[in-house]
Amino acid sequence: FFFLAAMGRTLAGGTILEVALLLLQAARAVVATGLVPGGAYVWERLPSLSLCLLLGHGGVDGMRWQMGPVYMASLGGICLGELGPVSTTLTLVLSLGFVQLFPYPRLEAVPRGSYHVGIEDFEFKGQVHGLTHTINTSVFYPCEAPLKHSKMVWAKWMPDETLTLQGLLSVARQVAPIPVWFLDYLTGTKADAIVLAPPFRGRQLPSSPVVIVSHGLGATRMSYSSLCCALASHGCVVAVVDHCDGSAAVTRFSDGNVVQFNESCLRGGARRESKDFRHSQLVTRVNELQIAYENLRELAQRSGHWMKDRLDFDCCVGLGHHLGAATCLAACVRAGADQTKPRFQHLALLSPTMEHFLQEDVEFAAAHPLPQRVLCLDVPKARRQEGSSTAQRLRQILLPMPEERRLTVEMKGATHLDHSDLAMAIPVLRLLGLSGPAPAAETQRLQNQVILNWLERGRRGQPPRAAPSIASTRKRPAQASETRRSWLTSSLPASLAARLEVKGVS
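In this report, we go over the structure that sits alongside the text. All of these numbers come straight from a predicted model, not from anything done at the bench.

**Focus on the environment of Ser351**
Within the fold, Ser351 resides in the loop between strand 10 (346–350) and helix 11 (359–367). Sequence separation between Ser351 and Leu323 is 28 residues; the distance between their C-alpha atoms is 8.8 Å. Among the polar contacts listed, one links the side chain of Ser351 to the side chain of Asp378, at a separation of 3.4 Å. Separated by 2.8 Å, the side chains of Ser351 and His419 make a polar contact.

In structure tokens form, the structure reads like this:
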């Protein structure tokens, strides 16, 4: 019975004890028909088994409202005796539906690499506008395999559950009025990373590429845990910044100070129409990325620290989603304007927005092409949501770059929320049309594999293709697209690769 419950766990989206209760309810519905030989013998023992499972589930997992119909049916069977097959089946169907829509999220690293993943939290300090600035940063890294009997502590997806849940709700309520209990099942969700795990010490791991991640509006430093764990399991060290400009769902520091989400950051806020506000927000975020970068370099030079001589800053990647993508792009434009050495050699932009860019910055970037390799991973719906200004500004920045250094890819069947963990953690977003029609886990795997393939090709230092002859000029765009598609989709099944479209700068 419990073996079947464990097998059905992934289907139902609940814990083993929850699935056991659901299976017991199914057995109750079958026995209630009276068509099962020996049904009376089974029926006499169902109440005691229901009571044991209820007590175990409440003590181990904790009660949750999604299982309410099954609780009522189980208690009704214990207190009132026999229930009809119709009412028993109805409670089973209701609970199955609720558990499917509000499951316990499993935010696994996909695709998983050769290494286990550890995580360590830091509070980095630096100067922003002449004032001391503190930012929370989570660092994902390759770690040693846990010992068989060692006690592992998995990282919380919401570091401060109550505050983070309130922050996520404040963001969600800009779309629809959502009550607190609607998302309370997210408490207790774990990321696929072990807290303070010993870093990997094997000789076969070369120096690790550094990936600095900037989150989008309403997200947190853990909102991209699946992507970060996938990169770390393939040998990268990934640092994710909690921005303090009010764009994060919530940020809490060790001294108790809290930065809440600023609703003015969203479309429709009174201050959002101010060009100065948007630009100052972008400048603050760029400075915070600089703080994270400088602190990582200091740790990589500190004697005795596990990062000592392990980080490859010659392969530093700026990765951002939406406003975070604009932040990484602005950091590179700013380095060019200040004539300083760029911190990033690669840029991965996930559905970028360009509303925070000043036109003079766009014109500077157009006149001075970026030296970085740029991957723009977009979704079909993003450009329609952002309007023509984002597409036009992005085109102005990317078009002057050599073709071999820029790549624009579109993922079909996805929305910009599918770039983060939210679509996997909250499946009901799919019914509301806020995430794509394709399964969120498949979209996450597609995105992560594309980024890994693109980064690996950059690390190998693939030389630019030779210039085509005049006779082959007409065939070059199609051939280039197919060539890029072939290495981008390596290690992907055909069904996922078909969702990928390699595009020009459009």
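Anyway, onward from the coordinates.
**Some thoughts on the packing of aromatic side chains**
What the rule picks out here adds up to four aromatic pairs. Plain terms: the ring middles of Phe122 and Phe124 are 5.4 Å apart, the flat faces sit at 20 degrees to each other, and that makes the pair stacked. What makes Phe122 buried here is its relative accessible area of 14%. A residue is classified by how much of its surface remains accessible, and Phe124, at 4% relative accessible area, is buried. Ring centres of Tyr293 and Phe313 lie 5.4 Å apart, and the angle between their planes is 80 degrees; this geometry places the pair in the edge-to-face category. Of this pair, Tyr293 sits in helix 9 (residues 275–301) while Phe313 sits in strand 9 (residues 311–321), and the two are 20 residues apart along the sequence.

**Brief notes about the sheet that holds strand 4 (residues 190–195)**
Taking strand neighbours across the sheet as the criterion, the 11 strands line up as 3-4-1-2-6-5-9-10-11-12-13 in an open arrangement whose pairing is mixed. With partners counted over all chains shown, the strands left at the sheet margins are strand 3 (154–156) and strand 13 (500–503), one partner each. Averaged over all pairs of adjacent strands, the angle between their axes in this sheet comes to 30 degrees, without regard to strand direction. Where strand 11 (residues 373–378) lies against strand 12 (residues 406–411), five bridges are found, and the strand directions are parallel. Counted as the bridge partner of Leu377 is Val409 from strand 12.

**Side note on empty space enclosed by the protein**
All chains considered together, the criterion is met by one cavity of 30 Å³ or more. Here the largest cavity defines a volume of roughly 40 Å³. Together, Ala331, Cys332, Ala335, Pro342, Arg343, Phe344 and Gln372 line the largest cavity. Taken together, the residues that form the lining of the largest cavity break down as five nonpolar, one polar and one charged.

**A few points about the side chain of His321**
If you trace the backbone, His321 turns up in strand 9. Those residues within four positions of His321 in sequence are excluded, and the remaining contacts are Ser214, His215, Gly216, Tyr224, Leu350, His416 and His419.

**Quick word on the packing of helix 10 (residues 323–338) against helix 11**
Put simply, helix 10 and helix 11 touch, their axes get as near as 10 Å, and they point 70 degrees apart. Taken together, the axes of helix 10 and helix 11 lie roughly perpendicular to each other. Contacts between helix 10 and helix 11 pair Val333, Gly336 and Ala337 from the former with Asp361, Phe364 and Ala365 from the latter.

Parameters at a glance
- Residues numbered from 1 in each chain as written.
- Predicted model: local features only at pLDDT ≥ 70, side-chain atom pairs only at ≥ 80, totals over all residues.
- Heavy atoms only, no water.
- Helix = DSSP H or I, 4+ residues; strand = E, 2+ residues; numbered from the N terminus.
- Polar contact = N/O pair within 3.5 Å; in protein donor to acceptor, adjacent residues only side chain to side chain.
- Phe/Tyr/Trp six-rings, centres within 6.5 Å; stacked < 30°, edge-to-face > 60°.
- Buried < 20%, exposed > 50% of the residue type's maximum accessible area, 1.4 Å probe, protein only.
- Pairing = 2+ DSSP bridges.
- Axes fitted to C-alpha atoms, helices over the stretch in contact; angles between N-to-C directions.
- 1 Å grid on protein atoms, 1.4 Å probe; cavity = no way out; pocket = protein on both sides within 12 Å on 5 of 7 lines; lining within 4 Å.
- Points joined across faces, edges and corners; volume = space filled by probe spheres on them.
- Nonpolar A, V, L, I, M, F, W, Y, C, P; charged D, E, K, R; others polar.
- Contact = heavy atoms within 4.5 Å.
- Parallel < 35°, antiparallel > 145°, perpendicular 65-115°, else oblique.

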